[in-house]
Amino acid sequence: MKKSNFISSFNYAVQGIISALKTEKNMKFHYLAALGIIIISLFMDFSRMEFMLLIFAITFVVTAEMINTAIERTVDLVVQDYNPIAKYVKDVSAGAVLISAVNALVVAYLLFYDRLSNVGDLLLVKLKNSVQHLSFISILLVLILTVGGKYLWAKKNGGTYFQGGAISGHTSLAFCAATIIAFVSENILVSLAAYGIAFLVGESRIEGGIHKISEVVSGAIMGILVAFIVFKVIG
Ligand SMILES: Nc1ncnc2c1ncn2[C@@H]1O[C@H](COP(=O)(O)OP(=O)(O)OP(=O)(O)O)[C@@H](O)[C@H]1O
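For the protein chain, an unreviewed UniProt entry supplies the name Phosphatase PAP2 family protein and the organism Anaerosphaera multitolerans. According to its UniProt record, the protein chain has this under Subcellular location (unreviewed entry): "Cell membrane". Under the Sequence similarities (unreviewed entry) heading, UniProt states for the protein chain: "Belongs to the bacterial diacylglycerol kinase family."

### Remarks on the domain arrangement of the protein chain
According to the domain assignment, the protein chain consists of domain 1 (6-121) and domain 2 (131-234). The C-alpha-based centres of domain 1 and domain 2 are spaced at 51 Å.

### Quick notes on the UniProt feature "binding site: ATP" (unreviewed entry) in the protein chain
This chain's UniProt record puts "binding site: ATP" (unreviewed entry) on Tyr12, Glu24, Glu72, Lys90 and Asp91. With the annotated positions falling across 80 residues, the maximum pairwise C-alpha distance of 27.3 Å shows that they are not confined to a single cluster. Structurally, Tyr12 is set in helix H1 (residues 6-23). Looking at Tyr12, the relative accessible area reads 47%, which means it is partly exposed. Take Asp91: it is sitting in helix H4 (residues 84-128).

### Details of the pattern of salt bridges
Per the stated rule, a full pass over the model turns up 4 salt bridges. Close ionic contact of Glu24 with Arg73 constitutes a salt bridge, the shortest N to O distance being 2.7 Å. Here the residue Glu24 occupies a position in the loop between H1 and helix H2 (25-41), and Arg73 occupies one in helix H3 (residues 48-78), the gap between them amounting to 49 residues. Given a relative accessible area of 11%, Glu24 falls into the buried group. For the salt bridge of Asp91 with Lys87, the shortest nitrogen-to-oxygen distance reads 2.8 Å. Highlighted residues: Asp91 and Lys87, both in helix H4, separated by 4 residues, approximately one helical turn.

### Considering the site of the ligand
Around the ligand sit Glu24, Glu72, Asp81, Tyr82, Asn83, Ala86, Lys87, Lys90 and Asp91, and those are all the residues in its vicinity. Backbone polar atom of Asp81 to a nitrogen atom of the ligand: 3.1 Å apart, as the coordinates give it. At a separation of 3.0 Å, a nitrogen atom of the ligand approaches a polar backbone atom of Asn83. Within the complex, the protein chains bury 59% of what would otherwise be the 620 Å² of accessible surface of the ligand. Looking at the shell around the ligand, the element that brings in the most residues is H4, giving 4 residues. Residue composition of the shell around the ligand, grouped by class: 2 nonpolar, 1 polar and 6 charged.

Rules behind the numbers
- Residues numbered from 1 in each chain as written.
- Predicted model: local features only at pLDDT ≥ 70, side-chain atom pairs only at ≥ 80, totals over all residues.
- Heavy atoms only, no water.
- UniProt positions renumbered as here; feature names shortened; annotations may be inferred.
- Domains from an automatic or database assignment.
- Helix = DSSP H or I, 4+ residues; strand = E, 2+ residues; numbered from the N terminus.
- Buried < 20%, exposed > 50% of the residue type's maximum accessible area, 1.4 Å probe, protein only.
- Salt bridge = Lys/Arg side-chain N within 4 Å of Asp/Glu carboxyl O.
- Near = heavy atom within 4 Å.
- Polar contact = N/O pair within 3.5 Å; in protein donor to acceptor, adjacent residues only side chain to side chain.
- Areas by Shrake-Rupley, 256 points an atom, 1.4 Å probe, with all protein chains shown as cover.
- Nonpolar A, V, L, I, M, F, W, Y, C, P; charged D, E, K, R; others polar.

The structure is reproduced here in structure tokens:
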């Protein structure tokens, strides 16, 4: 065996890190996750101690995975057939990785949960107070549900995604908009005018021979329901 100095030992160690990274798919995942978490942690205002715990947890997982890989390869080198001892050794070694991963999850939960839920609460408060966001979400949902409905019932009702089909998109959007206007204006006259216009939109789709009454009615119900649920549940 070749006599090695300190520098070449270091080189072999780095080679080991790179080989494990290249050959083990779990290792790629660990490194990517670690990189993502470290980047996020830079915005979290962690104390020195908290950052140290995070780095320890990450290092523990990577180290356990590397030792597990080395043990697996050693066992494969010696045992080619099924062997209960080989199974025991590999299972115990995989168990060590699992323990390190659970430890990392607990540490991540303790460090990130409060901070991220504060950010989540802030976003939710902003969303609740923003009529624009609620309106945008309602209209987006109506569009998705209308196109989805047309797709699901395409065989039965025919039509394209934007004309004809099981649900009248013009009507669902018009009634969704009317409901949004009713919520925002909180004024009976304005609301009636908005629903009146929505009604005319639906009626024109029937008159134009593009939709049946049932398709216009289902569009109207969907538009009203979606806006109602978004404004009442999220807002
Ligand atoms: N020679 C063997 N005899 C008995 N059981 C084995 C043997 N080799 C593997 N096993 C069983 O299969 C499991 C998976 O082993 P394997 O070596 O495929 O690990 P792995 O986690 O899939 O790793 P890798 O994807 O890096 O190969 C082990 O935990 C063990 O239960």
